[in-house]
Structure formats: C-alpha cells, structure tokens
Amino acid sequence: MSGSWNGSVGPEAMKRLADHAVRDVAAALARGHLVLHLGPFALALRTDNAAARDFLVSMYANCPVSLDQDTMADFSLHVRPPNLLRRFVRRQVMPDPGFYFPSVPLPPRMGPLALEMGMNMAVALQCFRFAIYHAAVVADETGAIVISANSGGGKSTLAAALMQENFRLLSDEFAIMQPGEPLLLPYPRPVSLKNASVDIVRAFAGNDAMSGVLHGTPKGTIGYRRARKSDIAAMHRPARGRLLLFPTFMEGAKAEVKPVEAGDAVMRFIAGSPNYHVLGEAAYTSLMAFADSIRAYDITYGNTADSVALVRELWTQGGAA
Amino acid sequence: MNEPRTTDRVFLEKRRQLLKLGAAGVPMLLTMKASASSTAHSALDCQITIPEGLTILVSLNGAAWISTTYDYDGQGLTSQKVAAMQNQSQYVLPAGAVPERYRPDGDCPDPCENSGDDDDDDDNWAAAKKPRESYLASLLDSLMLSKPANADDRSTQLAYNWGNDDDDDDDNGCSTGGDDDDDGNGNGNGNGNGNGNGGNNGNHNGWGNDDDDDDGNSNYDTSECEYKIFVFDSQVQYAPGDFLDSSGNWSLSGKLGLYTIVAAKYGQYYGNYNSFPGVSCLLSILTYLNNH
Amino acid sequence: MSRAFLRSAVGLAPLPPRGADLVAFIAWGRRHHILGQLATVWEQESAGKLADVLANARIFAGHDRRMLSYEMNRIARALMGTDIRPVLLKGGAYVAKALTAGEGRRVSDIDILVPEADLKAVEAALLAAGWKPEVSTAGAYDQHYYRDWMHELPPLRHARRRTLIDVHHRLTPRTACLQVDHGAMLSAARPAGDGSLQVFGPMDRFIHSAVHIFADGTFDTPARSLIELYYLFADLDDADQVSLRDRAREVGALWPVDHALWAVATLFGSRRAAALRGKNRLSRLRALPVRLAVAGKLREGAWARLADVLLYPRSHWLRMPVGMLVKHLLQKSRRMISPKSAVAGLPGRE
Amino acid sequence: MPAGPNSDTWRWRANARHYRTHVLGDVTYVYCHLSGETHMLNLVSMAMLDLLVQRPYSLAELADAFPACLDVPVAECPPAVVARLFGELDDVGLVERVSGA
C-alpha cells in the first residue's frame with residue numbers, strides 16, 4: 001500500500017468557483033463539501049448563511065474549488081448560528097473552526113465577516129507546517145515586501161495601494177514562511193479594510209474591486225478588496241523577502257523612515273506569530289535567513305500617497321540587502 | 001564567530017555599558033514569545049461597546065449589579081437609590097465576582113483609614129515593565145471620566161500621577177478616593193500606578209459628585225460606604241485585548257478594567273445568555289487563552 | 001464504524017480506501033485529538049493533502065513532546081540537590097522511555113508522583129523555581145479540596161513558560177473506593193534518563209493507565225485512551241503479560257485492569273489480551289455499565305452524551321464516599337453563585 | 001531567576017551542541033534544542049555563554065573569571081551580578097550541571 005493514500009484529486013485540473021453552477025455551490029456549502037484550494041491550503045467550508053455564500057461566490061470566483069465529499073482538506077470551517085435556539089430566537093452567525101472557540105456571534109448579514117475571520121482563525125491556530133507571522137505580503141519579480149501589522153498601522157491599506165502599483169498580492173493577513181527556508185507563500189484572499197480605508201481604497205481600485213460594505217461590526221465598518229485573477233494565478237509561486245516594514249499611520253503626519261536593526265525587527269516579528277514556538281528549529285532557521293535577507297524600517301505617514309512614495313523609494317534604493 | 005570583534009575598543013565599551021544595565025537589573029537575555037496577545041491576532045481584536053449611561057454598582061462583598069437604564073443623579077448613594085438601581089439592573093453578579101480593589105471599603109464611620117489596597121501584585125503593572133499598556137489604559141480611561149475637564153488634564157499626564165493631583169479633595173468622610181489617593185502617591189511616583197490610580201479613577205467617576213461635599217446623607221445612610229457606583233457617562237468602545245501582555249496575562253485597572261472583569265465573570269457564569277454587552281468578544285479571547 | 005477506525009488508527013487495518021471514508025476517518029481523528037498518532041503510523045505512506053494533514057499533526061505533536069521533555073529537565077533542575085526522584089506518570093513517562101504510546105500524543109500538562117512525605121519539599125522547590133498556584137484553583141476551597149481529598153497538589157503553572165504540573169502523592173484520591181497501592185508501585189519504579197527522574201515498570205504503566213481511564217475520570221478522550229492502552233499492552237514482553245493480572249491484584253487494581261484487557265481484546269482484537277482475561281471475567285453486572293459507556297463514547301453524538309450521563313456521577317462516586325460527594329457538589333453549586341476567586345477572567349484551566 | 005538551587009561547589013557548563021546561534025548586529029539569537037525556545041542574548045550574556053562552553057565553572061570560579069573575560073574590573077562586575085547573569089542562562093536551560101561535581 002505504498003503512496004496510494006493521498007485523499008485528494010489533482011488540484012491542477014480543478015474548476016474555478018465561477019465555473020460551477022451557483023446552485024451546486026450552495027448545495028455543497030450546505031453540506032460542508034465545498035473545498036477551497038488556495039495557496040498551500042485546502043479549506044472545507046460549510047454554511048447556510050446567504051450573505052457569506054454570496055460573498056464567497058463573488059470574492060473567490062477565480063479560486064479553484066472542489067464540490068465533492070471525497071476531497072481532503074487541511075482545515076474545515078463552519079459558519080453557523082451559535083446554537084439551535086439562536087437560529088430561531090435571535091438570528092446570529094459565527095465561525096466554528098471545529099475546535100472549541102466561541103467567537104463573537106454576529107448578526108446574519110455579517111456572515112462575510114464571520115467567514116473571513118474564521119478562515120484567518122483556521123490558519124492562524126491550526127497551521128504548523130509553515131511559520132505564520134501577522135503581516136501583509138506583496139511582491140514583484142525581484143522579491144517581497146512584508147508589512148508587519150501594527151495596530152492601526154494601515155497594513156492592509158498599504159498592501160492594497162501597492163497592488164495598484166503592480167505588486168502582486170501574496171497575503172493580506174499572514175506572512176506564511178516555509179520552514180527551513182525564507183520563502184513566503186501566497187495565500188491571496190481578499191484584503192480586509194476598516195473604516196476610512198474602505199473608501200480610500202475604493203477611490204483608487206475602483207468599485208468592481210470591492211465587496212459590499214458591512215457597517216457596525218465589532219471591528220467597525222468593514223469592506224474587502226478582492227484578490228485579482230493574476231494574484232490567484234500566481235498562488236503557488238513563493239517570493240523571497242527583501243523589505244520588512246513596520247508602518248504607523250498618524251493623521252497628518254509627515255512621512256518618515258527609520259531603519260530598524262535586524263535583531264529588533266526579528267523580535268517584533270516573532271511577537272506577531274501565533275505558531276513560531278510550535279515549529280521550533282525549522283521556524284528559527286527560516287527566520288534567521290529572512291533576517292539576513294531583508295532591510296527593516298519603521299515608516300510613519302499621514303496619507304496613502306505618502307506611504308506609497310516612501311515604499312517606492314525604499315524599494316528602488318539599495319537592491320537586495 | 002565574534003573573535004575579531006572582541007578586541008575592538010568600541011565593542012569592549014558597548015559591553016561595558018550593557019554590563020552596567022545588567023548590574024542595575026535589566027535582563028541580558030530575552031526569550032522570544034509568539035504572541036498570545038489579541039492585538040496581534042485579527043480574530044481577537046474585537047471591540048466592546050459599553051452603552052452610554054451604563055452603571056455598575058458594587059457591594060461590600062463584591063457582588064455587582066449592572067444596569068443600562070438606571071439614571072444615576074450623581075448626588076451620592078442612598079438606600080433608596082441603591083434599591084432603585086438594583087431593581088433596574090439587567091444583570092447581577094454574585095458576591096465575590098468583583099475584586100476587592102473595586103469594592104467599597106465599608107469603613108463608614110472611620111474617615112479615610114487606609115483600605116490596605118495591596119492588590120498591586122495581582123496586577124502586572126509592577127515597575128516600569130509595561131509602559132505602553134499603562135499608557136493605553138490610562139488614556140482610554142481618561143476618555144471617559146465623568147468630568148471632561150479632568151479628562152483633558154489626565155490624558156496629557158499619561159500614566160504618571162494622574163488622578164492624584166486634581167480634584168481628589170478627600171472631602172467626604174468615607175470616600176475610598178482618599179485612601180486610594182494615598183496609595184497612588186506612595187507608588188504612583190515610582191510609576192507603579194496602574195492599580196492605585198485605576199481604582200482611584202473609578203472612584204472619581206462614580207463618586208465624582210463627592211466633591212460636592214454632601215456628606216449629609218452618608219451620616220445616616222451607610223449606602224455611600226457599602227456600595228460603590230461606577231457610571232459610564234458616554235458610550236465607550238475599547239479592545240479588551242489591549243489589556244493583555246505578551247504572556248497572556250491581564251493588566252486591568254480603572255473603569256475599563258472593572259468592566260472587563262465584570263463582563264468576563266458574566267461570561268463565565270452565564271455564557272452568551274442575555275447578551276451582556278461585549279461578553280462574546282471577551283469569551284472569544286478567554287477561550288483562546290485557555291487553549292494556548 | 002469507530003471500531004474499524006480504531007484499528008486503522010494503530011495500523012492493524014489499512015486506511016479506508018474510499019475518499020469519503022478517508023475524509024471521515026481523518027475528521028474523526030481530528031475530533032479525538034489523535035491525528036498525531038495517526039501520523040506516526042501513516043505519514044510515510046501518504047501523499048498529497050493527506051500527507052500535509054498528517055505532517056501538520058506531527059509537527060504539532062513534536063512541540064508537545066519537546067515541551068514535555070523540557071519540563072522534565074526543569075523539574076529535575078528544580079529538585080537538584082535533594083534526593084527526591086519523582087516518578088513521571090503517563091505521557092511524561094512514555095516520552096522519557098521513547099515508547100510508541102508517547103509518539104504523536106497530544107499533551108497539555110505533566111504529571112509526577114512523589115512519596116507523600118516529600119510533598120512539601122517538592123512543592124517548595126517548585127515554587128522557588130518559578131511555578132505558581134494555578135489561578136483557577138488558587139481559591140481556599142479548591143486548595144482545601146485538592147489537599148485534603150484528592151491525590152494531588154493543586155495544579156501549579158510555571159510563571160514564564162505557562163506549563164502546568166500536577167504533583168501526585170497517590171494514584172487515586174484518598175477518598176476513592178479503589179485504593180491502589182501506590183507505595184508498591186513507587187518502590188518498583190526505575191530510573192529514567194540521567195537518573196534524576198523515574199518511571200514505572202511496563203506492567204505498572206499499563207496498570208496505572210487502566211486505573212486512570214476506568215477508575216478515575218470521565219473518560220473524556222476515549223479514542224486516545226484506548227490507543228494508549230493498546231500500545232502499552234503491546235509494549236509488555238511475554239513474561240510481563242503473563243504476570244500482569246497478578247501484579248494488578250497485588251497493587252489492588254484488578255478490576256480496572258480487567259476492563260482494560262477487555263477493551264484491548266474486544267476493540268483491537270488482541271487474542272493475547274483475551275486469553276489473559278480467560279475465565280477470570282468480571283461479573284457481567286459490574287462490567288456492563290462501563291462497557292456500554294465506552295461503546296457510547298466511541299460512537300459520539302447522542303450516545304456519547306448518554307455515556308456522559310452514565311459516567312459523570314460515576315467519576316465522582318469513584319472518588320468520594322457519598323456523604324462527601326453531597327458536600328462537594330453542594331459547595332460546587334454554591335460556588336456557581338458565589339465564586340471564591342477574586343481575579344476575574346484570567347486564563348486558567350477549564 | 002535561577003531555575004533551582006545552586007551551590008558554590010557545583011560546576012556548570014554550556015554545551016554548544018544543545019543550541020544554535022545566529023549573530024544579528026550586536027545581538028545573538030540562540031535556538032535551544034532542548035526547550036525549543038529562541039533567546040536573544042546581548043554581548044554580555046553571550047560572552048558568559050561562550051565562556052561556559054570552554055570549560056565547566058563553579059559559581060565562585062565564574063565570579064572570578066567573568067570580569068576578566070569582559071576586561072572590566074571586578075568592581076564593575078561583582079559576584080552578585082555574575083550570579084544574576086548566570087541565573088538568566090540557568091533559567092532558560094542553556095547551562096547544565098556537570099555530573100559528579
């Protein structure tokens with residue numbers, strides 16, 4: 001019985017979500033048989049929530065999916081009402097990644113948020129094959145820019161702005177690092193934008209690039225900028241980090257750049273990882289190689305145009321570290 | 001591998017400087033921690049919205065009544081007001097739910113004996129370890145003081161000494177504010193203020209009106225010293241995850257600290273039932289912590 | 001269905017051949033927290049997504065294993081200079097002895113056994129080395145409950161590493177109707193590693209596992225527990241297998257061991273275990289509830305809930321005489337309304 | 001800070017096979033195989049670790065040798081400070097007691 005147990009059909013031959021009839025998609029989703037294949041992960045999804053379903057169909061149209069119950073997945077996610085009673089009494093929805101994690105229950109119209117949060121949770125808390133760091137990653141042919149997530153730093157807005165500058169999107173939420181090697185893997189899901197950023201990004205990316213807007217969520221107003229077809233097409237092509245940024249957005253602030261010592265950068269970067277310690281030596285090896293290959297900066301800016309100009313400059317100067 | 005460096009004068013001097021820090025107690029070795037802190041974690045950076053006018057009444061034994069409808073007049077507590085508040089409370093927590101630092105001291109006749117508020121050690125504020133959090137906590141707190149004027153003062157004073165200097169005029173006999181003030185002076189200068197000040201601050205808000213000096217009612221009615229009331233004058237939004245340090249320990253102080261504790265306790269007893277504002281956000285964080 | 005899964009889990013049967021069954025099998029393994037064990041058996045022969053899933057589980061289990069080894073090292077360090085040699089129980093012992101039962105196993109805390117006379121010294125040494133009483137059980141009632149009625153110190157958590165340790169001084173609660181002769185097992189323990197820690201011999205390991213599973217608990221992780229028994233049984237050499245029941249009788253743990261042999265014989269089809277049970281079967285009446293519960297737990301769903309109903313009172317009944325049980329439950333229910341702990345919402349167990 | 005009792009007669013060493021190092025500027029990142037933890041050591045703690053790799057020291061011997069190793073007078077690096085720094089290494093399991101000592 002050698003090599004015969006693989007539990008999946010070839011992902012290359014797989015149809016895109018948009019190529020399936022919506023009815024089939026809905027039926028598979030209702031049973032939890034829809035498996036989304038994105039970057040290194042296969043994620044089995046299940047939901048009855050109409051808002052989450054419509055969001056998925058629209059925002060993930062170009063992703064390969066399978067709709068049969070034979071497909072093995074890395075994680076599974078059920079976006080569902082908190083309990084039976086709630087289904088009828090006061091309708092709510094929440095992500096259930098299969099382990100005990102009572103997340104914030106949300107009104108049904110916020111199904112998309114529950115879905116996206118759940119997909120983040122599934123990876124952040126259950127993935128150990130790769131080291132995960134809380135950061136957005138974009139890249140061109142020469143390498144990747146890693147934007148570390150400072151609270152309120154504008155990571156996602158900057159990532160969306162850099163997409164506009166012809167960088168491809170690897171990931172909005174996680175830098176996913178290959179163990180042993182400083183390679184960053186794409187996981188191109190929609191870029192999640194909060195409050196004022198929603199309109200800022202809409203203004204330069206255009207309405208078609210955007211999801212509908214959710215008002216009054218626990219995180220404020222939320223909207224998503226979709227990953228492009230080209231981002232999805234490159235989802236198996238890793239990139240090597242060249243620039244690590246720690247952004248701070250301050251209304252009206254003058255654009256400023258300050259180099260960060262590699263030793264400090266590493267410490268801050270690990271603090272944003274949910275699983276660094278689980279991977280042990282493999283995570284250490286790749287992170288040290290990463291530290292040797294990047295230049296790190298604190299950047300402060302007061303508007304998106306400034307931040308883009310600043311990153312452009314850092315990107316063209318110096319070449320690889 | 002650092003052979004060539006060891007002879008370098010600059011290098012030797014650097015080591016010498018570091019050694020001075022080491023002799024002063026600064027750690028020379030840091031262990032990297034993947035973060036349990038919710039701020040780093042998108043799934044957990046949920047916010048709690050405390051509705052405007054929410055009041056928390058705390059009794060001597062640490063029971064709490066929470067009401068979103070009771071309209072406290074700010075004129076000091078009487079037994080009637082306590083009864084009315086309890087009647088209008090939507091949520092009740094049993095004795096022991098609220099930590100001592102938020103409870104009234106109960107020493108009614110004795111003016112301002114030190115309440116022995118020695119709970120600093122169950123907070124993680126000690127020393128200068130968490131300047132960011134304490135700053136954040138105080139800032140958040142300052143945003144919701146009863147008196148806007150104070151809020152402005154305080155927000156510029158960061159975590160240092162705020163609350164000690166201003167209106168805490170020890171006016172009424174049994175105000176714990178007086179006690180806390182002493183406490184605050186004691187350790188606030190050394191900037192271990194989180195706790196003393198936190199409690200202090202809470203006092204101010206609830207008792208803000210103590211300044212009005214109407215000791216009159218507390219002479220015959222011990223409600224003033226058997227209960228403490230905390231009022232959120234305006235709607236407040238905050239991320240409880242900001243009160244977590246990287247080890248997953250809470251640093252809770254002030255009114256927001258109290259609210260976080262009360263919401264967590266509520267979640268512990270009743271889960272999501274009856275939608276206590278913010279309880280699901282807290283439950284998600286607590287569950288995450290318990291599983292990691 | 002579950003019995004077939006159990007056999008596949010330890011490699012006695014092939015993996016389910018159909019895709020959908022394989023997906024169900026992995027989902028079952030995930031629910032029962034035994035993907036790590038599945039990985040040790042099947043990762044080499046897997047490809048594609050299945051290999052990914054098993055690799056992921058192996059890496060996670062590797063972390064637990066590292067944590068466990070390091071905790072042992074730290075315990076030995078904390079006790080350095082004393083002549084106390086704690087016995088590692090359960091997972092710790094399996095890792096220290098590199099047993100199959102320890103491979104891929106998920107662990108959340110470490111258990112050690114020390115003679116009751118050394119308890120104070122051990123506690124003091126651990127406290128001095130950075131362990132602290134776990135917040136969720138630091139209240140006076142819990143402390144009293146653990147110290148006076150149970151078989152362990154209240155759990156301690158290391159302040160920096162946040163790992164938990166349970167220090168036992170006996171294998172069943174003082175108050176339980178089953179009293180295992182832990183003294184006999186303690187004196188038969190043997191050194192592990194550099195000798196600063198000890199482990200039970202193979203027979204006693206099996207016996208302790210059986211006691212833990214069938215006589216002391218709610219049987220919360222049935223698949224994991226049963227797989228553990230299977231491997232521990234397989235780890236016994238012929239002579240040990242033959243002497244097993246005698247040793248169990250000697251230390252006063254015969255009936256849990258008979259339950260365990262029943263489980264290994266029935267669920268994994270071990271003839272050896274079946275033969276050992278021989279004619280010495282427990283009376284059906286005594287055996288039935290436990291076995292129904294095991295079967296129920298394995299089936300999950302409504303059956304598992306039914307099994308919980310059967311097992312929860314039982315677990316308490318096993319631990320305390322009735323009068324004390326009433327008192328404890330009363331105290332517990334009172335605590336629901338009147339909590340002792342003053343610190344809210346701190347991370348804690350349960 | 002130390003992870004357990006200590007005695008002036010016990011001798012300690014660091015075993016370079018138990019960890020890996022990577023220098024980033026003035027700090028060294030150390031991965032410890034035993035604990036699976038990554039530590040950031042500065043020039044002072046790294047100097048002590050390097051010293052303890054060379055041969056075993058008792059705490060008293062270390063108090064003598066370490067100031068010399070740093071090229072500073074004992075007054076700048078008194079035994080109490082040496083003990084505290086050693087405690088930091090001990091606490092994370094980077095040093096081990098030499099058996100028989």
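Residues numbered from 1 in each chain as written. Chains lettered and ligands numbered in written order. Predicted model: local features only at pLDDT ≥ 70, side-chain atom pairs only at ≥ 80, totals over all residues. Heavy atoms only, no water.

J.: An account of the overall build of chain D is needed here, citing residue identities and associated values.
T.: Helix and strand counts for chain D come out as 3 helices and 6 strands. Going from the N terminus to the C terminus, chain D shows its helices and strands as β-β-β-β-α-β-α-α-β. Pairs at least 24 residues apart make up 55% of the contacts formed inside chain D by residues separated by at least 6 positions. Counting only carbon and sulfur atoms, one obtains 55% of the accessible surface of chain D, whose full area is about 3800 Å². (Helix = DSSP H or I, 4+ residues; strand = E, 2+ residues; numbered from the N terminus. Contact = heavy atoms within 4.5 Å. Areas by Shrake-Rupley, 256 points an atom, 1.4 Å probe, with all protein chains shown as cover.)

J.: Tell me about the overall build of chain A, and please be specific about residues and values.
T.: Of the regular secondary structure elements, chain A holds 11 helices and 16 strands. Out of the 321 residues belonging to chain A, those deemed buried represent 60%. Counting only contacts in chain A whose residues sit at least 6 apart along the sequence, the fraction spanning at least 24 positions is 71%. Of the roughly 12100 Å² of accessible surface on chain A, 53% is carried by carbon and sulfur atoms. (Buried < 20%, exposed > 50% of the residue type's maximum accessible area, 1.4 Å probe, protein only.)

J.: Residues and numbers for the sheet that holds strand S5 (residues 91–93) of chain B, please.
T.: All names here are of chain B. In space, the 4 strands of this open sheet follow the order S5-S4-S3-S6, with antiparallel pairing throughout. Only two strands of the sheet have a single neighbouring strand rather than two, namely S5 and strand S6 (227–231). The sheet shows a mean angle of 15° between the axes of neighbouring strands, taken without regard to direction. Note that strand S3 (residues 55–59) and strand S4 (residues 64–67) share 4 bridges and pair antiparallel. (Pairing = 2+ DSSP bridges. Axes fitted to C-alpha atoms, helices over the stretch in contact; angles between N-to-C directions.)

J.: How would you summarise the interface of chain D and chain A if you had to cite specific residues and measurements?
T.: Taken together, the contacts link 12 residues of chain D with 13 residues of chain A. When the area that chain D buries against chain A is broken down by residue, the three leading residues are Arg20, Leu24 and Tyr29 of chain D, summing to 44%. On inspection of chain D and its partner chain A, the count reaches 1 salt bridge. We note a salt bridge from Arg20 of chain D to Glu281 of chain A, for which the minimum N-O separation is 2.9 Å. For the pair chain D and chain A, the number of links is 10 residue pairs in polar contact (both at pLDDT 80 or more). (Buried area = accessible area lost by both parts, 1.4 Å probe. Salt bridge = Lys/Arg side-chain N within 4 Å of Asp/Glu carboxyl O. Polar contact = N/O pair within 3.5 Å; in protein donor to acceptor, adjacent residues only side chain to side chain.)

J.: How would you sum up the packing of aromatic side chains? Please name residues and give values.
T.: Throughout the structure, instances matching the rule amount to 21 aromatic pairs over all chains. Between Phe167 of chain A and Trp315 of chain A the ring centres are 5.7 Å apart and the planes differ by 70°, which places this aromatic pair in the edge-to-face class. Taken together, the residues Phe167 of chain A in the loop between helix H5 (155–164) and strand S8 (168–171) and Trp315 of chain A in helix H11 (residues 304–316) connect sequence positions 148 residues apart. Here Phe167 of chain A and Trp315 of chain A have matching classes, each one buried. A network of ring pairs unites the aromatic residues Phe41, Phe75, Phe130 and Tyr187 of chain A as a single cluster. Seen from the ring of Trp10 of chain D, Arg97 of chain D lies directly overhead, with NZ or CZ sitting 4.1 Å from the centre. (Phe/Tyr/Trp six-rings, centres within 6.5 Å; stacked < 30°, edge-to-face > 60°. Lys NZ or Arg CZ within 6 Å of the ring centre and 35° of its normal.)

J.: Account for the confidence of the model for chain A, with residues named and values stated.
T.: A low pLDDT score tells you not to read the predicted coordinates there in detail. Residue and element names in this part refer to chain A. Looking at chain A, the pLDDT average stands at 88 and 88% of residues meet or exceed 70. Here residues 1–9 is a poorly scored stretch, pLDDT under 50, and it has 27 contacts once near neighbours within four places are set aside; other chains count. Per-residue pLDDT stays below 50 along residues 84–89; that stretch engages in 5 contacts with residues further than four places along the chain or on separate chains. (pLDDT = per-residue confidence, 0-100.)

J.: Just give me the short version of the side chain of Thr47 of chain A, but keep the residues and values in it.
T.: Residues and elements named next belong to chain A. By secondary structure assignment, the location of Thr47 is in strand S2 (residues 41–47). A relative accessible area of 4% places Thr47 in the buried class. Residues contacting Thr47, with those up to four places away along its chain left out, are Leu29, Ala30, Ala52 and Val79.

J.: Before we move on, could you go through helix H3 (residues 79–91) of chain D and cite the residues and values that matter?
T.: Side chains three or four residues apart in an α-helix point the same way, a direct result of the helix having 3.6 residues per turn. Residue and element names in this part refer to chain D. Taking 1.5 Å of rise per residue, 13 residues should cover 18 Å, and H3 covers 18 Å from first to last C-alpha, within 8% of that figure. Residues of H3 that are buried: Val81, Val82, Leu85, Phe86, Gly87, Glu88, Leu89, Asp90 and Asp91. Count one or two residues on from H3 and you reach Gly93, which has phi positive near 75°. (Expected span 1.5 Å × (residues − 1).)

J.: Residue-level account of the side chain of Thr260 of chain B, with values.
T.: Tracing the sequence through the fold places Thr260 of chain B in helix H9 (residues 254–270). At 2.7 Å, the side chain of Thr260 of chain B forms a polar contact with the side chain of Tyr238 of chain B.

J.: So what's going on with the confidence of the model for chain D? Residues and values would help.
T.: Here chain D averages 94 in pLDDT, and 97% of its residues register 70 or above. The least confident element of chain D is helix H2 (residues 59–70) of chain D, whose mean pLDDT is 95; the most confident is strand S2 (residues 19–24) of chain D, at 98.

J.: Tell me what's going on with the pairing of strand S6 (residues 131–140) of chain A, and back it up with residues and numbers.
T.: Residues and elements named next belong to chain A. With 10 of 10 residues buried, S6 lies mostly within the body of the structure. Neither face of S6 is exposed, since Ala131, Tyr133, Ala135, Val137 and Ala139 on one face and Ile132, His134, Ala136, Val138 and Asp140 on the opposite face are all buried. With 4 bridges joining them, S6 and strand S9 (residues 174–177) adopt antiparallel strand pairing. Opposite Ala131, over in S9, you have Met177 as the bridge partner. Here S6 folds back onto strand S7 (residues 143–148), and the loop between the two strands holds 2 residues.

J.: Requested: an account of the sheet that holds strand S13 (residues 220–225) of chain A, with residues and values cited.
T.: All names here are of chain A. One open sheet accounts for 3 strands, arranged S11-S13-S12; its pairing is antiparallel. Unpaired on one side and paired on the other, strand S11 (191–194) and strand S12 (214–217) mark the two borders of the sheet. Strand-to-strand twist in this sheet, taken as the mean axis angle between neighbours without regard to direction, amounts to 35°. This element, H5, spans S11 and S13 of the sheet and lies at about 125° to S11.

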